[in-house]
Amino acid sequence: MIALLPLDDYTLRVVALGAATLGVVAGALGTFAVLRRQALVGDAISHAALPGIALAYLVTGGKASLPLMIGAALTGFLAVLLVSAVVRTTRVRQDAGLGIWLAVFFGAGLVLLTYLQRRPDASQAGLDRFLFGQAATLLEEDVVTMAVAGVLALATLALLWKEVKILSFDPELGATLGLPMRLVDVVLTGLLVVAIVIGLQTVGAVLMAAMIVAPAAAARQWTDRLGVMTILASVLGALAGVLGALASAEVSRLPTGPTIVVIATALVALSLLGAPRRGLVARALAARRARRRLGPAQVLADLDQLERLHGAATQGHHAATIAALERVDVGPALAELERRGLVERREGDLWALTERGREEAARR
Amino acid sequence: MSAPALEIADLTVAYGERPVLWDVDLTVPAGSLTAIVGPNGAGKTTLLRSVLGLVRPAAGLALVLGRPYPEQRRLVAYVPQRGSVDWDFPTDVRDVVLMGRYGRLGWVRRPGREDRQAADEALRQVGMEGFARRQISQLSGGQQQRVFLARALVQEAELYLMDEPFQGVDATTELAIVELLRSLRARGKTIVCVHHDLQTVPEYFDRVELLNVRKIAGGPVEEVFTEENLRRTYGGRSAAFGRLAGS
């Protein structure tokens, strides 16, 4: 597939590399955001990054990506700190705290962007690319910055693997073992900030949170191992990033962020449906097999119990009565039992045990 | 005479205005098996958590084997309620047990062969050998509890603080846990369990602490586990306990 793409084109190669970098880092760090149920934190960080970009531009006056990324990281991280301060000191819960600060920072970011666009140098700034992302604006030096930051973030994650794992699974155990869970939490949040900031120029502040959640959510469906999930989320993130960035570079006026996110979401949908064991299809098949196996025996026992309750003189019971006990469709099980001569259908659509059925039920 | 395994003095914990624990004193001798008993909201879990520094007390002191808890962290293993973690987390049984070793490993280092042997041995002690590579989402409630106990065992602690280890487990697991607690006690370890089932207190434990925000009574089961004390602990709902305390 890669061979079909015009990767000898310099711009496209840069764009694809940038998108792959953002996907890899967002997938890996997103794994922990998803497992810790902190998807909203990612959303708050990415929105809160916007005023940081505008402020960094105001201060430095240039559009080199490193100062802008640093500005984005600072306000993004500040927002998380403010959220936890609010949650600690007031009765506001975390979701409300995130919502409040997300709105405050994003609003401030939009005000600053609007102000900047009225300035004479606005057209050169092109800061609005940070809203929805525009991969075509990626320069080689941007991608180098992204890659360096990303590699540092992933290396930190690898070094702190067991601390991060215990923080995600059971932070209180970590605390009783003497591990500095607060510090690990701050570091992991910092890495999440890096992952988000890396993607801002390509995916944009509005949708970057989706790149944190989607690859990890898709990867979770395919594996039950944390390491495999992290790597797979990276691969899926890179895949969505590259496909989306290339599509938006090929088709004019197609914004990159939404395109990448649509592809990532499609990967989630495919995984939810098709993954072995956890997927909807696999679970439906497993449930059907289980019903086939347990169904007839259980229905026989139910009929036996109903007969005891009502006395042997009973006329039989409606399928709906039995189904109420099992909360499933018992039709196939009754048909199977009838074929084996263990139950009989009587007048008025009632079902009752045959003599053989009674013996069979008693033997169990 | 060695120091008590756990000594709590003047412990007071409040959530906002409401005191959860008020001026609790408590001494647990080393090598004993103690139940903490009391109605819902009596502060039993909070007591364990404040010893472990997971809850900040308004006042009071906890000594583990004669020294403050932060200095003795390695000697204390905590078994929280099963529901405190997400059992759909992508990991397996041995990995969860190995987490009990993370404290002694230090930064960056991964568990080694010795740690894995300790984990497998702990799993054997709780009757879960053969489950090492089992996905934790596929465990029954009783099996989850055993995994938590194995995780505490690999810490090789002196004092085990357990929050309702018998909660919602099957009869087989309950027996296995009782056996395990007794074998720990036989090796000189100390166990403190938050416990709900009054019927089994005299059979499973040798000491009991009755708690309802304040400490009502504490000591050997045969002395303290009386109808009178239970009535004082549980307030009006006392009629049912006469039979229990007498048995």
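Structure first, text after, so check above.
As a starting point, this report considers the structure included with it. (Residues numbered from 1 in each chain as written. Chains lettered and ligands numbered in written order. Predicted model: local features only at pLDDT ≥ 70, side-chain atom pairs only at ≥ 80, totals over all residues. Heavy atoms only, no water.)

## Some thoughts on the overall build of chain B
Quick reminder of the rule: For the purposes of this entry, the term helix denotes a DSSP run of H or I that reaches at least four residues, the term strand denotes a run of E that reaches at least two, and both are numbered from the N terminus. We compute the radius of gyration over the C-alpha atoms and compare it with the globule rule, which gives 2.2 Å times the number of residues raised to the power 0.38. Classification of residues uses two cut-offs on accessible area relative to the type maximum, computed with a 1.4 Å probe and protein chains only: under 20% is buried, over 50% is exposed, and between them is partly exposed. Note on definitions: a residue-residue contact is assigned when non-hydrogen atoms from the two residues lie within 4.5 Å. To be clear on the numbers: accessible area is Shrake-Rupley with a 1.4 Å probe, and residue cover counts the displayed protein chains and nothing else. His is not counted, nor are the chain ends; Lys and Arg add positive charge and Asp and Glu add negative charge. Taken as the charge centre is NZ of Lys, CZ of Arg, CG of Asp or CD of Glu, depending on the residue.
If you tally the helices and strands in chain B, you get 11 helices and 10 strands. A compact globule built from 247 residues would reach a C-alpha radius of gyration of about 18 Å, and chain B, at 18 Å, matches this within 12%. The principal-axis extent of the C-alpha atoms belonging to chain B is close to 50 × 40 × 35 Å. A total of 247 residues make up chain B; the buried ones form 54% of that total. Pairs at least 24 residues apart make up 68% of the contacts formed inside chain B by residues separated by at least 6 positions. Surface summary for chain B: the accessible area is close to 10700 Å², and the carbon and sulfur share equals 48%. Each charge class in chain B was averaged separately, 31 positive and 30 negative side chains, and the resulting centres sit 4 Å apart.

## Some remarks on helix α4 (residues 94-118) of chain A
For the record, the criterion: The length a helix should cover is 1.5 Å for every residue beyond the first.
Across its 25 residues, α4 of chain A extends 36 Å between first and last C-alpha, which sits within 8% of the 36 Å expected from 1.5 Å per residue. Of all the residues in α4 of chain A, the buried ones are G97, L98, W101, L102, F105, F106, G109, L112, L113 and L116 of chain A.

## A few points about the interface of chain B and chain A
Formally: Two parts lose some accessible area (1.4 Å probe) when they are put together, and adding that loss for both gives the buried area. We define a salt bridge as a side-chain nitrogen of Lys or Arg found within 4 Å of a carboxyl oxygen belonging to Asp or Glu.
Each partner contributes to the interface: chain B provides 34 residues, whereas chain A provides 29 residues. The contact between chain B and chain A buries some 2800 Å² in all, and 59% of this surface belongs to carbon and sulfur atoms. There are 7 salt bridges connecting chain B and chain A. Of the charged contacts in the structure, one is a salt bridge between R49 of chain B and E172 of chain A, with a shortest N-O distance of 2.7 Å.

## Description of the sheet that holds strand β2 (residues 18-28) of chain B
All names here are of chain B. Operational definition: In this analysis, strands are considered paired if DSSP registers two or more bridges between them. A fitted line through C-alpha atoms represents every axis, and for helices the fit uses only the stretch in contact; the resulting angles, taken between N-to-C directions, go from 0 to 180 degrees.
Pairing within the open sheet is antiparallel, and its 4 strands lie in the order β2-β1-β4-β5. Where the open sheet ends on each side, the last strands, each with one partner, are β2 and β5 (67-68). In this structure, strand β1 (residues 6-15) lies alongside strand β4 (residues 59-64), joined through 5 bridges in antiparallel fashion. Across the sheet, A9 pairs through a bridge with L61, a residue of β4. Sitting on the sheet, helix α1 (residues 44-51) is in contact with β1, β2 and β4, with an inclination near 115° to β1.

## A look at unusual backbone geometry
Non-glycine residue R37 of chain A carries a positive phi angle of around 55°. Positive phi, normally seen in glycine, also occurs at V108 of chain B, with a value near 70°. Structurally, the position occupied by V108 of chain B is in the loop between α4 (102-105) and α5 (113-125). Under the relative-accessibility criterion, V108 of chain B is labelled partly exposed at 41%.

## Things to note about the pairing of strand β10 (residues 214-220) of chain B
Residue and element names in this part refer to chain B. As judged from the 6 bridges shared by strand β9 (residues 207-212) and β10, these two strands associate in the antiparallel manner. Considered in β10, the bridge of V208 is made with G219. Here β9 folds back onto β10 in antiparallel fashion, the turn holding 1 residue, of which V213 has a positive phi close to 65°.

## Some details on the environment of G66 of chain B
Residues and elements named next belong to chain B. For G66, the location among the structural elements is in the loop between β4 and β5. Judged by its relative accessible area of 37%, G66 falls in the partly exposed class. Along the sequence, G66 and A5 sit 61 residues apart, while their C-alpha atoms lie 7.4 Å from each other. With residues up to four places along the chain from it excluded, the contact list for G66 reads A3 and P4.

## A closer look at the nonpolar core
Note the threshold: Nonpolar cores are built from buried Ala, Val, Leu, Ile, Met, Phe, Trp, Tyr and Cys residues. Side-chain atoms within 4.5 Å join them into one set.
One finds L200 and M211 of chain A together with Y160 and V208 of chain B to be the most contacted residues of the largest nonpolar core, which totals 137 residues. Residue contributions to this core peak at 12 residues, all from helix α10 (residues 181-203) of chain A. The contact partners of M211 of chain A, leaving out residues within four places of it in the chain, are L22, G23, A26, G27, V203, G237, A240, I260 and A264 of chain A.

## A closer look at the packing of aromatic side chains
As a reminder of what qualifies: Whether two aromatic rings pair depends on their centres lying within 6.5 Å, for rings of Phe, Tyr and Trp, where Trp uses its six-membered ring; planes under 30 degrees apart make the pair stacked, over 60 edge-to-face, and the rest tilted. Remark: a charge is flagged as sitting over a ring if the NZ atom of Lys or the CZ atom of Arg is within 6 Å of the ring centre and within 35 degrees of the ring normal.
What the rule picks out here adds up to 7 aromatic pairs over all chains. An angle of 85° between the planes, with centres 5.7 Å apart, marks the rings of F32 of chain A and W161 of chain A as edge-to-face. Taken together, the residues span a long stretch of sequence, with F32 of chain A in helix α1 (residues 10-35) and W161 of chain A in helix α8 (residues 161-169) at a distance of 129 residues. Of the residues examined, F32 of chain A reaches a relative accessible area of 1% and is grouped as buried. Among the aromatic residues, ring-to-ring pairing joins F169 of chain A together with W87, F89 and F148 of chain B into one connected group. The ring of F148 of chain B carries the charged tip of R151 of chain B above its face, separated from the ring centre by 4.3 Å.

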